[in-house]
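One letter stands for each residue in the lines below.
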Amino acid sequence: MVAHGQTITAYLHATAPAGSSCIPESRSCSNGLLSGSYANASCQIMVAPSAPAGVQATPTGSGQVTVTWQTPADVGSGVSSYTVTAQPGGQLCTPSPATATACTFTGLVDGRTYTFTVEASNGAGSARSPTPSNPATPLSNPKAFSAPTPTGTGPLGVAVAGGGTTCAFESVQLVPTARASAAPPAGLQFPHGLLDFVLAGCDASNITLTITYPSALPQGVQYWKLHGDTWAPYASATAATGAITATLTLRDGGPGDDDGDGANGRIVDPGQVAVMALSGSGAVGIPTLSPWRLALLVILLGLVGLGRRHQRG
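All figures in this text were calculated on a predicted structure; none of them were measured in a lab.

Novice: So what exactly am I meant to see when it comes to the overall build of the chain here?
Specialist: From N to C terminus, the chain includes one helix and 23 strands. Relative to its full complement of 313 residues, the chain shows a buried share of 33%. Across the chain, the fraction of contacts at a sequence separation of at least 24, relative to all contacts at a separation of at least 6, is 62%.

Dropping the structure here:
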């Protein structure tokens, strides 16, 4: 029982809509009188924001990548903060001010390729971008890259020239052949794995990419590129037996550009030098006939010879 003159606090209980939280407002009762009325009591509904979109990553120096994004389409009760996460490694970046839509990572590993996600938050909850950013590779020199090959053959270097002063690697990595979006043709081998890179900030002039290999290129070498889901030799590449370098000629929106968006300042190019597999003897295998086909061939040749003898007679 409440004693006369005692002050109590009454709370309105409400069910909040999905994706929101309810913060009840209190009403005080003193000497039997309610300050305000239940009819006027309210519940402050807090709604979480939707996920940020359009997450973009751009290398901006040694160990640095700047990530930008778009404000969520539905901010709910307003965005109070953003958190950006880098993978691999899980390093976090929070913008300043907290509601800014850009954040620059520092201390990343040069030559390592990262992707990023952004989470928008407020008092009711948070939402993370469902799709990571484009890959980005911080480099001390944005026009040169070197890393061990995924096949263990040694260090491989790549350098870009041309395409304008701002044309540089946005991302570059060496990956196993198994990570290609389409399997190579049967018998095609990539002794140094695949080179997967994106150039950005390029103009419409020709670009020369020079690849330096850890050892001399083997006999029968060709540079192959992946166009969508189709592998094919790349005509604008020079790769010679015994050489330790290969060169590619590329142009934004032209030969070697596989982003499918025409001249947009970016060049997407997955590929690498390849050779056809050799037989165990070290020579290219020669197709052979099965026994029954060989027997049929002998019979046909015999009939041809018999016919010729009849013609002579």
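The discussion continues.
Novice: In this structure, what is going on with the sheet that holds strand E14 (residues 155-162)? I would like to understand it.
Specialist: Across a sheet, paired strands are connected by hydrogen bonds in the backbone, their directions being either parallel or antiparallel. Strand order in the open sheet formed by five strands is E13-E14-E18-E22-E21, and the pairing between neighbours is antiparallel. This sheet does not close on itself; its edge strands, each paired only once, are strand E13 (144-148) and strand E21 (237-239). When the angles between neighbouring strand axes are averaged without regard to direction, this sheet yields 15°. Note that E14 and strand E18 (residues 207-212) share six bridges and pair antiparallel. Bridge pairing in E18 links valine 160 to leucine 209.

Novice: Just to check I follow, could you spell out the pattern of salt bridges for this structure?
Specialist: Working definition: two side chains of opposite charge can pair if their charged atoms are close together. Under the counting rule described, the total for this entry stands at three salt bridges. The closest approach of N and O atoms between aspartate 269 and lysine 225, which form a salt bridge, is 2.8 Å. With a gap of 44 residues between them, aspartate 269 in strand E23 (residues 267-276) and lysine 225 in strand E19 (residues 222-227) connect regions that are remote in the sequence. Given the relative accessible area of 0%, aspartate 269 is considered buried.

Novice: When you look at unusual backbone geometry in this model, what are you seeing that I'm missing?
Specialist: A negative phi angle is the norm for most residues apart from glycine, just as the trans form is the norm for most peptide bonds. Omega for the bond connecting glutamine 87 with proline 88 falls within 30 degrees of zero, at 5°, which places this linkage in the cis form. Counting through the fold element by element, proline 88 comes out in the loop between strand E8 (81-87) and strand E9 (92-93). With an omega dihedral of 0°, the bond running from serine 96 to proline 97 counts as a cis peptide bond. Secondary-structure assignment places proline 97 in the loop between E9 and strand E10 (102-105).

Novice: Looking at this model, I keep getting lost on the sheet that holds E8. Mind explaining?
Specialist: Overall, antiparallel pairing links the four strands, which are arranged E9-E8-E11-E12 in an open sheet. At either margin of the open sheet sits one strand with a lone partner, and together these are E9 and strand E12 (125-128). As judged from the four bridges shared by strand E11 (residues 115-122) and E12, these two strands associate in the antiparallel manner. Looking across to E12, one finds that alanine 120 is bridged to alanine 127.

Novice: Hey, could you run me through the confidence of the model for the chain in this one?
Specialist: The predicted coordinates ought not to be read in detail in places where the model reports low pLDDT. The pLDDT averaged across the chain works out to 80; a share of 73% of its residues lies at or above 70. Here residues 23-41 is a poorly scored stretch, pLDDT under 50, and it has 38 contacts once near neighbours within four places are set aside; other chains count.

Novice: Mind showing me how you'd approach the state of the cysteines here?
Specialist: Joining two cysteines, a disulfide is a covalent bond between their sulfur atoms. Tallied over the full model, the rule gives two disulfides. With a sulfur-sulfur separation of 1.9 Å, cysteine 93 is cross-linked through a disulfide to cysteine 103. Disulfide cysteine 93-cysteine 103: torsion about the S-S bond near -85°, hence left-handed. Of the two residues, cysteine 93 is situated in strand E9 and cysteine 103 in strand E10; the sequence distance between them amounts to 10 residues. The disulfide that involves cysteine 167 links it to cysteine 202, with 2.1 Å between the sulfurs. With the S-S bond torsion at 65°, the cross-link from cysteine 167 to cysteine 202 turns out right-handed.

Novice: Looking at this model, I keep getting lost on the side chain of threonine 113. Mind explaining?
Specialist: Tracing the backbone shows threonine 113 in the loop between E10 and E11. One polar contact links the side chain of threonine 113 to the main-chain carbonyl oxygen of valine 172, over a distance of 3.1 Å. Apart from residues lying up to four places away in sequence, threonine 113 is in contact with Gln87, Pro88, Pro135, Ala136, Thr137, Ser171, Val172 and Gln173.

Novice: What should I look at first to understand the nonpolar core in this one?
Specialist: Within soluble globular proteins, side chains that are nonpolar generally end up buried alongside one another. Ranked by size, the top nonpolar core spans 28 residues in total, and within it Phe169, Leu195 and Leu199 carry the most contacts. Within the residue set of this core, elements represented by two or more residues are E13, E14, strand E15 (168-175), strand E17 (194-200), E18, strand E22 (245-250) and E23. In contact with leucine 195, other than residues within four places in its own chain, are Val158, Val172, Gln173, Leu174, Leu209, Ile211, Tyr223, Asp269, Pro270, Gly271 and Gln272. Counting residues in each nonpolar core, the second largest holds 18 residues, with Ala57, Val118, Ala120 and Ala136 among its members.

Novice: Looking at this model, I keep getting lost on the pairing of strand E20 (residues 230-233). Mind explaining?
Specialist: Looking down a regular strand, the side chains alternate between one sheet face and the other. Pairing geometry for E19 and E20, over four bridges, is antiparallel. Of the residues in E20, the one forming a bridge with leucine 226 is tryptophan 231. Here E19 folds back onto E20, and the loop between the two strands holds two residues, one of which, glycine 228, carries a positive phi near 65°.

Cut-off values and rules
Sequence order sets the numbering: in each chain, residues are counted from 1 along the sequence as written. Only residues with pLDDT of at least 70 get local features here, since the model is predicted, and only at 80 or more are side-chain atom pairs given and counted; chain-wide, interface and lining totals rely on the full set of residues. Note that water and hydrogens are dropped before the side-chain values are worked out from all heavy atoms of the structure. Strands here are runs of E lasting at least two residues and helices are runs of H or I lasting at least four, both read from the DSSP assignment and numbered beginning at the N terminus. Each residue gets one of three labels from its accessible area relative to the maximum for its type: buried under 20%, exposed over 50%, partly exposed in between, using a 1.4 Å probe on protein chains only. Contact criterion: two residues are considered in contact whenever any of their non-hydrogen atoms come within 4.5 Å of each other. A pair of strands is considered paired only if DSSP assigns at least 2 bridges between the two. Simply put, an axis is a line fit to the C-alpha atoms, just over the touching stretch for a helix, and the angle between two N-to-C directions goes from 0 to 180 degrees. Salt bridges are identified by distance alone: a Lys or Arg side-chain nitrogen within 4 Å of an Asp or Glu carboxyl oxygen. Looking at any residue, its pLDDT shows the predictor's confidence there, from 0 to 100. When two cysteine sulfur atoms lie within 2.5 Å, the pair is treated as a disulfide. In protein, a polar contact requires one atom able to donate a hydrogen and another able to accept it; more generally it is a pair of N or O atoms within 3.5 Å, and residues adjacent in sequence count only if both atoms are side-chain atoms. By nonpolar core is meant a set of buried Ala, Val, Leu, Ile, Met, Phe, Trp, Tyr and Cys residues that side-chain atoms within 4.5 Å join together.

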